[in-house]
Amino acid sequence: MSGIYGCVSQNAIDKELYKGLSRWNDSYGDCDKQEYFDEKLFLGIKPEALKNCEDKERLFTTDENRSVFDALIYSDTEKGMSDERFLFDRICQKGINALENINGDYSGALWDNSRKELTLFRDHLGVRPLFYYFDGNRVIFSTDIRGILSVGDVDAEVNEDWLFAYLYMGKSQIGNRTEYENINCVPFGGWITFNFCEDKVIAKEGHYYIPGQKKYRMKNRDAYAKELRRLVEDAIKIRANATNCKIGAELSGGLDSGVIDLVLAKMDKECLYYSWSPDESNLAMAENDERLVVKDICEKAGITCNYGGLSVSLDTPLMNESFPLDKGSYKELPTIISFAFPQYINTPSIFETASFMKNHGVKFVFTGHGGDEGVSHRSNPYELYYNHEYYRYLRLMFSRTCFSKHRIAKTIKLIYENQKLANKKLKAPYFAEHTASDVFTPEFKKRFEKKKIKPLTFAYDPIEYVKESGSRNRLDVLAFFSACTGTRYLIPYLDYRVLDFALGIPRYLYHDCFINRFIFREAFKDLMPKSLYSLKTKEDFSYSNLPKVSREEYEKNRVSDESINRRKKYLGYLDREYWQKYLNFEILEDWVYGRNKVEDDSRLDRAILTCLQVEHVVKRSREVNNERKTKE
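Here the structure is a predicted model, which means the values were calculated and not measured.

A. The overall build of the chain, seen in detail. Within the chain, the secondary structure is distributed over 25 helices and 19 strands. In terms of overall dimensions, the chain is globule-like: its C-alpha atoms have a radius of gyration of 25 Å, near the 26 Å expected for 632 residues. Here the C-alpha coordinates of the chain stretch approximately 80 × 65 × 50 Å along the principal axes. Within the chain, the fraction of its 632 residues that count as buried is 58%. Relative to all contacts within the chain whose residues are 6 or more apart in sequence, the contacts with residues 24 or more apart total 73%. Surface summary for the chain: the accessible area is close to 27600 Å², and the carbon and sulfur share equals 48%. Of the side chains in the chain, 95 bear a positive and 96 a negative charge, and the two mean positions are spaced by 6 Å.

B. Seen up close, a nonpolar patch on the surface. A cluster of nonpolar side chains, contributed by F398, I408 and I412, occupies part of the molecular surface with about 310 Å² of accessible area. Summarising the element assignment, I408 is placed in helix 14 (residues 407–426).

C. Geometry of the side chain of T178. Summarising the element assignment, T178 is placed in the loop between helix 4 (160–169) and strand 10 (183–185). At a separation of 3.1 Å, a polar atom in the side chain of T178 contacts the main-chain amide nitrogen of Y180. A polar contact is formed between the side chain of T178 and the backbone oxygen of I183, at a distance of 2.7 Å.

D. Here's a closer look at the state of the cysteines. Inspection of every chain in the model, using the stated rule, returns zero disulfides. Unpaired in this structure, C271 has its nearest cysteine sulfur neighbour in C305, at a distance of 11 Å. Judged by its relative accessible area of 15%, C271 is buried.

E. Structural detail: the packing of helix 22 (residues 561–573) against helix 24 (residues 585–592). Interaxial distance between helix 22 and helix 24 falls to 8 Å at its minimum, and their mutual angle equals 150°. Taken as axis vectors, helix 22 and helix 24 run roughly antiparallel relative to one another. Residues I564, R567, K568, Y570 and L571 of helix 22 form the contact with helix 24, whose participating residues are F585, L588, E589, W591 and V592. Here the contact of helix 22 with helix 24 is built from residues that sort into seven nonpolar, no polar and three charged.

F. The arrangement of the environment of D199 in detail. For D199, the location among the structural elements is in the loop between strand 11 (190–195) and strand 12 (202–207). Considered as a pair, D199 and E321 are 122 residues apart in the sequence and their alpha carbons are 44 Å apart.

G. Local environment of the pairing of strand 12. Alignment of strand 11 against strand 12, held across six bridges, turns out to be antiparallel. The partner of N195 across the bridge, within strand 12, is I202. Adjacent in sequence and paired antiparallel, strand 11 and strand 12 are bridged by six residues.

H. Structural context of the sheet that holds strand 3 (residues 41–46). In spatial order, the strands read 2-3-1-9-8-10; together these six strands make up an open sheet with antiparallel pairing. Among the strands making up the open sheet, the edge pair consists of strand 2 (34–37) and strand 10. The average angle at which neighbouring strand axes cross in this sheet is 10°, direction not considered. As defined by bridge partners, strand 8 (residues 131–134) adjoins strand 10 across three bridges and the pair is classed as antiparallel. If you follow F131 over to strand 10, its bridge partner there is C185.

I. Representation of the sheet that holds strand 15 (residues 305–308). Spatial ordering of the open sheet is given by 15-14-13-16-17, a layout of five strands whose pairing is parallel. Lying at the two open borders of the sheet, with one neighbouring strand each, are strand 15 and strand 17 (488–490). On average, each strand axis in the sheet is tilted by 30° relative to the strand beside it, whichever way the strands run. Helix 6 (residues 255–266) rests against strand 13 (247–250), strand 14 (271–278) and strand 16 (364–366) of the sheet, and its axis sits at about 145° to strand 13. Packing of helix 7 (residues 290–301) onto the sheet brings it into contact with strand 14 and strand 15, and relative to strand 15 it is tilted by some 160°.

J. Highlighting helix 14. With 20 residues, helix 14 extends 26 Å between its outermost C-alpha atoms, agreeing within 8% with the 28 Å of an ideal straight helix rising 1.5 Å per residue. The set of residues buried in helix 14 consists of T411, I415, N418, Q419, A422 and L426. Along the axis of helix 14, the buried residues cluster in a sector spanning 95°; they form a single face. Summarising the geometry of helix 14, the exposed residues directed more than 90 degrees from the buried face are K413, Y416, K424 and K425. The elements touched by buried residues of helix 14 are helix 12 (382–386) and helix 13 (390–399).

K. Broad picture of the pairing of strand 1 (residues 3–9). A large share of strand 1 lies buried, amounting to seven of its seven residues. Side chains G3, Y5, C7 and S9 project from strand 1 onto one buried face, and the interleaved I4, G6 and V8 project onto a second face that is buried too. Where strand 1 meets strand 3, six bridges bridge the pair, whose relative direction is antiparallel. Following the sheet pairing, G3 is matched in strand 3 by K46.

L. Representation of the packing of helix 4 against helix 15 (residues 442–449) within the structure. It is at 11 Å that the axes of helix 4 and helix 15 come closest, and there the two elements cross at 95°. Regarding the angle of helix 4 to helix 15, the classification is roughly perpendicular. On the side of helix 4, the interface is formed by E160, D161, L163, F164 and Y168, while helix 15 contributes F444, K445, R447, F448 and E449.

M. Spotlight on unusual backbone geometry. Of note in the backbone geometry, K116 takes a positive phi value of approximately 55° without being a glycine. Along the chain, K116 falls in the loop between strand 6 (104–112) and strand 7 (117–122). Positive phi is not limited to glycine here, since C513 has a value of about 55°. For C513, the position within the fold is in the loop between strand 18 (511–512) and strand 19 (515–516). On the accessibility criterion, C513 (24% relative accessible area) is partly exposed.

Reading the values: rules and limits
- Residues numbered from 1 in each chain as written.
- Predicted model: local features only at pLDDT ≥ 70, side-chain atom pairs only at ≥ 80, totals over all residues.
- Heavy atoms only, no water.
- Helix = DSSP H or I, 4+ residues; strand = E, 2+ residues; numbered from the N terminus.
- Rg over C-alpha atoms; globule rule 2.2 N^0.38 Å.
- Buried < 20%, exposed > 50% of the residue type's maximum accessible area, 1.4 Å probe, protein only.
- Contact = heavy atoms within 4.5 Å.
- Areas by Shrake-Rupley, 256 points an atom, 1.4 Å probe, with all protein chains shown as cover.
- Lys, Arg positive; Asp, Glu negative; His and termini not counted.
- Charge placed at Lys NZ, Arg CZ, Asp CG, Glu CD.
- Patch = residues over 30% accessible without salt bridge, like charges linked within 9 Å, V, L, I, M, F, W, Y side chains within 5 Å.
- Salt bridge = Lys/Arg side-chain N within 4 Å of Asp/Glu carboxyl O.
- Polar contact = N/O pair within 3.5 Å; in protein donor to acceptor, adjacent residues only side chain to side chain.
- Disulfide = S-S within 2.5 Å.
- Axes fitted to C-alpha atoms, helices over the stretch in contact; angles between N-to-C directions.
- Parallel < 35°, antiparallel > 145°, perpendicular 65-115°, else oblique.
- Nonpolar A, V, L, I, M, F, W, Y, C, P; charged D, E, K, R; others polar.
- Pairing = 2+ DSSP bridges.
- Expected span 1.5 Å × (residues − 1).
- Arc of directions from axis to C-beta.

Here's what the structure looks like:
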């Protein structure tokens, strides 16, 4: 993935101030960086070479326009032309809405010199990250959020809405906002322009694509299944054939990744398959073990799966190579803090897969991410009622009471229980298990509890869920580890054509009696082994066989001198003066000495680590500039 970055300002730009902006994007791409600089404009790109093309230029400058793009296009492009050049020409010729029909993963920045206007944009579903900072006078943008945070005079005040949502509800993303009040994401499927003509910079935001706007009606279920399969297979094929680079794929034992693997195998394309579950020789099979499904997929497709280890360490030579920061006094802190990882890093298994692929020469890694959010939607029956498909809702409930006595009465009871569940859980605010609202000061908690909290619409309104950036956390992680390892994740279920179709068909197609995700299962039924077709939920059941620490042993360790000293150090790294208006330090002191309930440990650990990350990403990012000055 290429790293793009830059700054446009009303005042003269001191390039020295933006050394870190350039440095943090150095980990992206594999070609020499290209930069453009004048008095009030700074643009840069660390490009990645993915296709053979005659055009090696990635930073484009004409009399009217200056631009940098990160792009991998899957739709047709002109022979010999780079994907970045293709995007540049299309936008210059037809405007930003030309992106509507360009299928690919991309983000970009375009400076219109005649209009004095900067336009930032992203692909249809935000596969490529792009962050920006706007203080009324200048705009700083970067593929890597640490590039923006490294600029010494950037206001990195914590976003209180995010802090409350994350610790109170466990909600990692709130739309296009980040954990920092003044740093946001460019909207997916959209753009934001900043006009510098007047004394005051004017920002304007818009979309060239909004998911779920189309409705599809076909003659029968078979027609829906056939079209869904055609679109999914095409999304996989155009990505697999995008370049000649070696490809790999996750093989988790789940429905979404399983279908991708089966389609790739049918293409007879060389592919390396990987499961982060451990090999059976390292960990015995458990009940409902996901590796049983993996074996069935491999047997059905005639492929071989490579298995992972029992633990994942982020502190590897690969990380030291990507982020050569002097750990110094940070060496006793977790890797995510010592390496200044952004807050959204929470999926080590993705790093494990990417590292394995990197070590085996794989450039592109297929993932099933985004499937169950729309295409293979894990729906609750309430969705039919919510979308006014009342007849189908009644019919579904009636089918679930077959062979029962007093069938009508039982159907009514089933409807009542489903409506009760919807009102109590589905339409109510969602609270994850790791929430730690008790760490807040009473004043802060009281102020934010009055706000209206949106429910998690995943199970009954996938359109709204996608619009609210439900996929963003995983996409940010995938993009980040792509940079860390030099691999690139491919996400066919977030092909906008596939998602639009899946969101636009009648909702009853996702249910058949007791079978959820029905239309997706039917579309690929002949490819799937029976164990995959009938799979209800995908969990890493294999890890249930790992040895468990007894409660007595755990309680003894948590109050040991070593544990207390470690927690003291963690708490000591927090800027108490800054966090005291948010965090109840009496609760945190109890955590240090193990005076809290044992079952609260994981929640409190997570809360402390989250706050440490948010604070120290800024500190560590800015140390890059200091290191540069010292060396120079």
